[in-house]
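Structural characterization, general
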Amino acid sequence: MEDFILNLPKAELHLHIEGTLEPTLLFEIAKRNGIEIPFKSVEELQAAYSFDCLQDFLDIYYQGANVLLKEQDFYDLTHSYLEKCAAQNVRHTEIMFDPQTHTERGVSFETVITGIAKAQKDAQDKLGVSSLLIMSYLRHLSEASAFETLEQSLPFKELITAVGLDSSEKGNPPSKFQRVFKASVSVGYIPLAHAGEEGDADYIWEALELLNIKRIDHGNNSLQDSKLVAEIIKRDIALTVCPLSNTALKVVDDLRNHPLKTMMNKGLKVTVNSDDPAYFGGQINKNFSAIQKALALTKEDLYELAKNSFQYALLSPDRKTTFLTELEAYYTKNK
Ligand code: HPA
Ligand code: ZN
């Protein structure tokens, strides 16, 4: 099963680039930028990665991102993640980045996106890993700040495919961002959002009806409401589920109680993703194998999950077909 998962062609659809900052790289970048961090060693830092809720994690995650200052830092961060994609047979990835995490600290939008985009191009050329970018608005910040970010993104519009919504969910409902999402769509960005991770089903309703999102990040709490499940299926929208993130942030108490298989049985389109792999204990393949073991998933289940990852990627029908053909050949040979 491990080999089947390792070699399974797949796409990652829920990944925060800032959440891929491994402790060793964090220390290396901090050192070269002359930034003091309140941890003496990689081990001490890792010991701080113990969370009771989303906010506990976000506090550490934003602190970690403070070391990123220069274009080279964003290049190294992204390149390191894309190398891991190549090693795990992630053929395509849709990378979220949080510009406000950096612009709030005085790092320019251009510095962030140029570093990321150069690494994307190199990964496509040298590693054969395809990727695109999702610009995520931080929902704990104001609508005005999101509008400012949209404005800053316009000179780099060709590098951005979609907009997302992340950070502290409770108390920051999708309705707060209805206008900025409308404006984002009008410039050509596809609307996506985190919803129903800690927030209730009504936040998912809002994300669908007010933001008109095309994919739901997490969406665990959709199971609270059978009408909502029916609506998600009717709209043919996928959920980007993150098993190890869910247990790390106590969204799910034990992987054996994870709702992924229930979601699949109800007809929801689900994908498996790592979210913030440096903080939650594993890359995408570790998420696949952990959830496979916990829920006794079959090869057919894993095939369906990988199929969804290409089917619900933000790619042209032609590119999806290319990946799906490769996946089907793999499954036929290895099932
Ligand atoms: N939820 C909300 N915001 C985030 C996450 C997440 O899982 N990861 C990074 N920012
Ligand atoms: Zn996320």
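Look up a bit, the structure's there.
Figured I'd write up the structure that's included with this text. (Residues numbered from 1 in each chain as written. Chains lettered and ligands numbered in written order. Predicted model: local features only at pLDDT ≥ 70, side-chain atom pairs only at ≥ 80, totals over all residues. Heavy atoms only, no water.)

**What about the overall build of the protein?**
Within the protein one finds 17 helices and nine strands. A globule of 335 residues ought to have a C-alpha radius of gyration of about 20 Å, and the protein, at 19 Å, matches this closely. Scored against the burial criterion, the 335 residues of the protein give a buried share of 58%. If you take every contact in the protein between residues at least 6 apart in sequence, the share linking residues at least 24 apart comes to 77%. Both charge centroids of the protein, one from 35 positive and one from 48 negative side chains, sit 5 Å from each other. (Helix = DSSP H or I, 4+ residues; strand = E, 2+ residues; numbered from the N terminus. Rg over C-alpha atoms; globule rule 2.2 N^0.38 Å. Buried < 20%, exposed > 50% of the residue type's maximum accessible area, 1.4 Å probe, protein only. Contact = heavy atoms within 4.5 Å. Lys, Arg positive; Asp, Glu negative; His and termini not counted. Charge placed at Lys NZ, Arg CZ, Asp CG, Glu CD.)

**Overview of the pairing of strand β8 (residues 238–241)**
The alternating pattern of β8 places Ala238 and Thr240 and Leu239 and Val241 on opposite faces, both of which are buried. Examined bridge by bridge, strand β7 (residues 215–218) and β8 share three bridges and lie parallel to one another. Looking across to β8, one finds that Arg215 is bridged to Ala238. Chirality of the crossover, the property in question, places the unit of β7, helix α11 (residues 226–235) and β8 among those that are right-handed. Here β8 runs beside strand β9 (residues 269–272); their pairing, made up of four bridges, is parallel. Looking at β9, one finds that Thr240 is bridged to Thr271. (Pairing = 2+ DSSP bridges. Right-handed = clockwise from strand over helix to strand, strands pointing away.)

**As for the pairing of strand β3 (residues 130–138)**
Taken across its nine residues, β3 has nine buried, putting it largely inside the fold. Side chains Ser130, Leu132, Ile134, Ser136 and Leu138 of β3 all project onto a buried face; the interleaved residues Ser131, Leu133, Met135 and Tyr137 project onto the opposite face, where all are buried too. Of the strand pairs in this sheet, strand β2 (residues 90–97) and β3 are connected by six bridges, and their pairing is parallel. The residue bridging Phe97 from the neighbouring strand is Met135, located in β3. Taken together, the five bridges between β3 and strand β4 (residues 162–166) define a ladder with parallel strand orientation. Along β4, the bridge assignment pairs Leu138 with Asp166. For the handedness criterion, the β-α-β arrangement of β3, helix α8 (residues 143–153) and β4 is classed as right-handed.

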